[in-house]
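Structure at a glance
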Amino acid sequence: MSRFSLFTVLFVFILSIHASLSGQDKTEPGLSRSEVVRIALQGSKSLQAARTLIEQAEARRSGAGLRSSPELMFDFATDAFFEDEGQSSVGIALKQRFPLTRRLSILKDIADVEIELAKAEVRNQERLLVREVELLCNEIAYLDAELSLRRSLVENDKEFADFVQSRIKTAEASPIEANQVRIELYILEQEIEHLETDRKKLIDRLRALIGYEVGETIHLSHRLDLGSSKPLFSDFGIEDLDTHPEYQMRSLMLEIADKRESLALANRWEDVSLGLGLEQERSVDQPMGIGAERFLGLSVSIPLPMKRRNESSLKESVLARRQMEELRDAVSLELRSKARASREEAAHLYHQSREFQEKITALVEINLKEMAEAYGAGQVSLNEVFQSQGQGLKIQSAHLRMVRDYEQALAEWRAAVAKNL
């Protein structure tokens, strides 16, 4: 090949590498990951549905622990169907049931805790939503980087293909070399098409997740980035669980189970009823004849027996409380284990990605330069040059995957310790 050919080949491959490396630094106009999270928290349909749980719990609270409605009683009696002496009586009474235990106040307490439980459920839904949005944004950013890498190679390979084709007539290149370039271009174009299909699927999922209408455009500016320094990972221990919404949910469910056990004990006692009545009676009073009398009375109704055994409900409530306690402890262990695992994974991936970026990337650039020079000197074939380019592509893709995995692990850690809200 001529010296012009040598420098052209050198320019093509060095340009492709620098384009792939600097492509991640370009930020196109669009939504950042934090902006997408904000939109999701405002527009997610599932989250809006979850927020109605709070309103439902508040509505139940307004009717919890109320006394039963009083009973208004009327009675009338007459002797018209018997002696028919004009004797009769009419009475009116008001009757109210009263619990002997704290049953009504326990029901109010349960309703209050259910409101707090609904709020914790919503916060946990928000935590999980933010996690899913961040993971999707990271995956889309990874695909964007892979697409950018391959598109830069396609552009350079097209220029190289035109160059090879123009040198066939002067016998500086052969049709075989031109075909090799076309094959490489076809492979890259197929990879791009496959990546674009995967990206479209993720965009569709993200669109539904944040509440956008079908077909509504989403432009993302988020790019994968290791950052200039290792992030600080705080410990997550038992003392941190009280602020975690999922643990709060389990604790509140245990509190409700505890109060329902108290309710089962209170329900062993029947209510008593107190009544206040007024009665007027017309009766024969010899020798005065028919006279009228009025009476004011107080009544007490006591069910027998007053105390029920209620063993089945009580046993069920005790077991339910034990179940909630076990589930709370299980969530505690799961959250702490997940936080530690994701923290260690993120830290490991950060060091791995940083080392890879510092060592391997420089070797790739050196190898491509030497390969270009060797091809210009006729020491290697065009096929070997493309193998070197493919190796460079695999290395860059491997680095992108490492950064993607690091970002995903970081998002998982933030969600595990509830620091993404």
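Structure first, text after, so check above.
A brief report on the enclosed structure follows. (Residues numbered from 1 in each chain as written. Predicted model: local features only at pLDDT ≥ 70, side-chain atom pairs only at ≥ 80, totals over all residues. Heavy atoms only, no water.)

With that out of the way, let us pick up the overall build of the protein. Within the protein, the regular secondary structure consists of 8 helices and 4 strands. If you list the helices and strands of the protein from N to C, you get α-α-α-β-β-α-α-α-β-β-α-α. When burial is assessed residue by residue, the protein has 41% of its 421 residues classed as buried. Across the protein, contacts joining residues at least 24 apart in sequence account for 83% of those joining residues at least 6 apart. Accessible area of the protein: about 24100 Å², with a carbon and sulfur share of 53%. (Helix = DSSP H or I, 4+ residues; strand = E, 2+ residues; numbered from the N terminus. Buried < 20%, exposed > 50% of the residue type's maximum accessible area, 1.4 Å probe, protein only. Contact = heavy atoms within 4.5 Å. Areas by Shrake-Rupley, 256 points an atom, 1.4 Å probe, with all protein chains shown as cover.)

Here we take up the environment of Arg102. As for its placement among the helices and strands, Arg102 is situated in the loop between strand 2 (88-98) and helix 4 (103-166). By relative accessible area, which is 52% here, Arg102 ends up exposed. For Arg102 and Asn267, which are 165 residues apart along the polypeptide, the C-alpha to C-alpha distance reads 9.3 Å.

This paragraph deals with helix 3 (residues 45-62). With 18 residues, helix 3 should reach 26 Å at 1.5 Å per residue; the first-to-last C-alpha distance of 27 Å fits that figure. At its buried positions, helix 3 is contacted by helix 2 (33-43) and helix 4. (Expected span 1.5 Å × (residues − 1).)

Time to look at the pattern of salt bridges. By the definition in use, this model includes 27 salt bridges. Measuring nitrogen to oxygen at the nearest pair gives 2.9 Å for the salt bridge that ties Arg131 to Glu412. Pair noted here: Arg131 is in helix 4 and Glu412 is in helix 8 (residues 382-416), with a separation of 281 residues, a long-range link. Residue Asp144 is joined to Arg199 by a salt bridge in which the shortest nitrogen-to-oxygen separation is 2.4 Å. Highlighted residues: Asp144 in helix 4 and Arg199 in helix 5 (residues 175-210), separated in sequence by 55 residues. Taken together, the shared-partner salt bridges in this structure form one network comprising Arg60, Glu114 and Arg260. (Salt bridge = Lys/Arg side-chain N within 4 Å of Asp/Glu carboxyl O.)

As a further point, take a nonpolar patch on the surface. A contiguous nonpolar surface patch, about 880 Å² in accessible area, is contributed by Leu72, Phe74, Ile92, Leu94, Leu276, Leu278, Leu296 and Leu298. Of all the secondary-structure elements, those providing two or more residues to the nonpolar patch are strand 1 (71-78), strand 2, strand 3 (272-285) and strand 4 (289-301). Residue placement: Ile92 occurs in strand 2. (Patch = residues over 30% accessible without salt bridge, like charges linked within 9 Å, V, L, I, M, F, W, Y side chains within 5 Å.)

Moving on: the packing of aromatic side chains. In this structure the tally under the stated criterion is 2 aromatic pairs. Arranged with centres 5.2 Å apart and planes meeting at 90°, the rings of Phe233 and Trp413 form a pair that is edge-to-face. Note that Phe233 is positioned in the loop between helix 5 and helix 6 (245-266) and Trp413 in helix 8, a separation of 180 residues in sequence. Among the residues examined, Phe233 registers a relative accessible area of 17% and is labelled buried. (Phe/Tyr/Trp six-rings, centres within 6.5 Å; stacked < 30°, edge-to-face > 60°.)

Glancing now at helix 6. Because the α-helix completes a turn every 3.6 residues, residues three or four places apart line up on one side. End to end, helix 6 covers 31 Å across 22 residues, agreeing with the expected 32 Å (1.5 Å per residue, within 8%). When we look at burial in helix 6, the residues that qualify are Pro245, Tyr247, Met249, Leu252, Leu254, Ile256, Ala257, Leu263, Ala264 and Ala266.

Another aspect to go through is unusual backbone geometry. Even without a glycine there, the phi angle at Ala418 is positive, about 60°. Within the fold, Ala418 resides in the segment after helix 8.

Attention now goes to the nonpolar core. Ranked by internal contacts, the top residues of the largest apolar core, which has 64 residues, are Val36, Val133, Leu206, Ile210, Leu220 and Tyr406. Among the elements of the structure, helix 2, helix 3, helix 4, helix 5, helix 7 (311-376) and helix 8 are those that each provide at least two residues to this core. Of the residues forming this core, the biggest block, 21 residues, is contributed by helix 4. Non-local contacts of Ile210, meaning those with residues more than four positions away in its chain, are made with Val36, Ile39, Ala40, Gly43, Ser44, Val133 and Ile218. Of all hydrophobic cores here, the second largest spans 10 residues; its members include Ile110, Val113, Ile256 and Ala266. (Core = buried A, V, L, I, M, F, W, Y, C linked by side-chain atoms within 4.5 Å.)

Here the focus is the environment of Phe163. With respect to the secondary-structure elements, Phe163 resides in helix 4. Residue Phe163 is classed as buried on the basis of its relative accessible area, which comes to 8%. Residues Phe163 and Ala178 lie 15 residues apart in sequence; the distance between their C-alpha atoms is 9.2 Å.

Before going further, it helps to examine the side chain of Ser317. The topology assignment puts Ser317 in helix 7. A polar contact is formed between the side chain of Ser317 and the backbone oxygen of Leu314, at a distance of 2.7 Å. When residues no more than four places from it in sequence are discounted, the contact partners of Ser317 are Ala257, Arg260, Glu261 and Ala264. (Polar contact = N/O pair within 3.5 Å; in protein donor to acceptor, adjacent residues only side chain to side chain.)

Contact geometry for helix 2 and helix 3: axes closest at 6 Å, N-to-C directions at 45°. Regarding the angle of helix 2 to helix 3, the classification is oblique. Facing helix 2, whose interface residues are Ala40, Leu41, Gln42 and Gly43, helix 3 presents Lys45, Leu47, Gln48 and Arg51. Here the residues of the contact of helix 2 with helix 3 sort into 3 nonpolar, 3 polar and 2 charged. (Axes fitted to C-alpha atoms, helices over the stretch in contact; angles between N-to-C directions. Parallel < 35°, antiparallel > 145°, perpendicular 65-115°, else oblique. Nonpolar A, V, L, I, M, F, W, Y, C, P; charged D, E, K, R; others polar.)

Among the structural elements, Ser332 can be located in helix 7. What Ser332 contacts, discounting residues up to four positions off in sequence, is Leu241 and Tyr247.

Turning our eyes to something else, we now look at the packing of helix 3 against helix 4. Two elements in contact, helix 3 and helix 4, have axes separated by 8 Å at closest approach and are oriented at 175°. As judged from the angle between their axes, helix 3 and helix 4 are roughly antiparallel. Where helix 3 abuts helix 4, its residues Leu47, Ala50, Arg51, Leu53, Ile54, Ala57, Glu58, Arg60 and Arg61 lie against Lys108, Ala111, Asp112, Glu114, Ile115, Ala118, Lys119, Glu121, Val122, Gln125, Glu126 and Leu129. For the contact of helix 3 with helix 4, the residue count by class is 10 nonpolar, 1 polar and 10 charged.

So far we have only geometry, and geometry alone does not tell us how the molecule works.
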